[in-house]
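Results of the structural survey
Chain by chain, the residues:
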Amino acid sequence: MENKITVSVLNELLHITNDRIEGFEKVEGKVWEKYPDIKAEYDRMISQSKMMKNELINQIKELGGEADDSTSMAGSIHRTWIDIKNSFTIGNIEDSTLANVVFGEKAAVEAYQNALESGKLLPESVDLITEHLHSLKVSYKQFQKIEEYRNG
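What counts, and where the lines are drawn
Residues numbered from 1 in each chain as written. Predicted model: local features only at pLDDT ≥ 70, side-chain atom pairs only at ≥ 80, totals over all residues. Heavy atoms only, no water. Salt bridge = Lys/Arg side-chain N within 4 Å of Asp/Glu carboxyl O. Helix = DSSP H or I, 4+ residues; strand = E, 2+ residues; numbered from the N terminus. Buried < 20%, exposed > 50% of the residue type's maximum accessible area, 1.4 Å probe, protein only. Contact = heavy atoms within 4.5 Å. Core = buried A, V, L, I, M, F, W, Y, C linked by side-chain atoms within 4.5 Å. Axes fitted to C-alpha atoms, helices over the stretch in contact; angles between N-to-C directions. Parallel < 35°, antiparallel > 145°, perpendicular 65-115°, else oblique. Left-handed = near helix turned anticlockwise from the far one by under 90°. Nonpolar A, V, L, I, M, F, W, Y, C, P; charged D, E, K, R; others polar. 1 Å grid on protein atoms, 1.4 Å probe; cavity = no way out; pocket = protein on both sides within 12 Å on 5 of 7 lines; lining within 4 Å. Points joined across faces, edges and corners; volume = space filled by probe spheres on them. pLDDT = per-residue confidence, 0-100.

Observations concerning the pattern of salt bridges
- Under the defined criterion, the tally for this structure stands at two salt bridges.
- Close ionic contact of lysine 53 with aspartate 69 constitutes a salt bridge, the shortest N to O distance being 3.3 Å. Taken together, the residues lysine 53 in helix H3 (residues 39-62) and aspartate 69 in the loop between H3 and helix H4 (73-88) connect sequence positions 16 residues apart.

Here we look at the side chain of histidine 132
- Position of histidine 132 among the secondary structure elements: in helix H6 (residues 123-151).
- Among the residues examined, histidine 132 registers a relative accessible area of 2% and is labelled buried.
- For histidine 132, the residues in contact, after removing those within four places along its chain, are Met52, Glu55, Leu56 and Tyr112.

Observations regarding the nonpolar core
- Tyr42, Tyr112 and Phe143 are the most contacted members of the largest nonpolar core, which has 34 residues in total.
- For this core, the secondary structure elements donating two or more residues are helix H1 (2-25), helix H2 (30-34), H3, helix H5 (93-117) and H6.
- Considering every element that reaches this core, the biggest residue donor is H5, with eight residues.

Some points on the packing of H1 against H3
- With their axes 9 Å apart at the nearest point, H1 and H3 run at an angle of 155° to one another. Here H3 runs roughly antiparallel to H1, going by the angle between their axes. Where H1 crosses over H3, the handedness of that crossing is left-handed. Listed contacts from H3 to Val7, Leu10, Asn11, Leu13, Leu14, Thr17, Asn18, Arg20, Ile21, Gly23, Phe24 and Glu25 of H1 are Tyr42, Met45, Ile46, Gln48, Ser49, Lys50, Met52, Lys53, Leu56, Ile57, Gln59 and Ile60.
- Of the residues belonging to the contact of H1 with H3, the class tally is 13 nonpolar, seven polar and four charged.

Here's the deal with the layout of surface pockets
- Taken as a whole, the second largest pocket spans an internal volume of roughly 180 Å³.
- Val9, Glu12, Leu13, Ala111 and Ala115 are the residues nearest the centre of the second largest pocket, which is lined by twelve residues in total.
- For the lining of the second largest pocket, the leading source of residues is H1, giving six residues.
- When grouped by side-chain class, the residues that make up the lining of the second largest pocket number five nonpolar, five polar and two charged.

Concerning the confidence of the model for the protein
- Summing up the model confidence of the protein, the mean pLDDT is 81 and the portion of residues at 70 or higher is 76%.
- Model confidence for the protein, summarised as mean pLDDT per element, is weakest for H4 at 55 and strongest for H3 at 91.

Below, the structure is given as structure tokens:
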């Protein structure tokens, strides 16, 4: 029973991670023309997300579960909303895109934090999720600083 609960939580985090990957892939090249100094960080985040995805899938399988390798409904709705919003954006779509990255990173941090605080993870999953959360917080703070610099 405990494995099923943990697998369910891990699958939710897998959806969040897939949302993150899909969201990153939607960022247009124009952003890098305006903010070339963050391209390396962004590429690192994409690689990190793919690694996290593989680790989550492996953990789910180790617990005897089946990985639901899809995105979340909320993430799909959010990406659609961003597409619609961007189609009506007059002016700086690059800044809007960067703000959406920060928003997405904050949501991922909160989801991982909630998973850890839920008490629904088996001990063997806590270390992995704690490690993922740390990486997410570093990325979130990095992009938050960039957004503050951009707005400052």
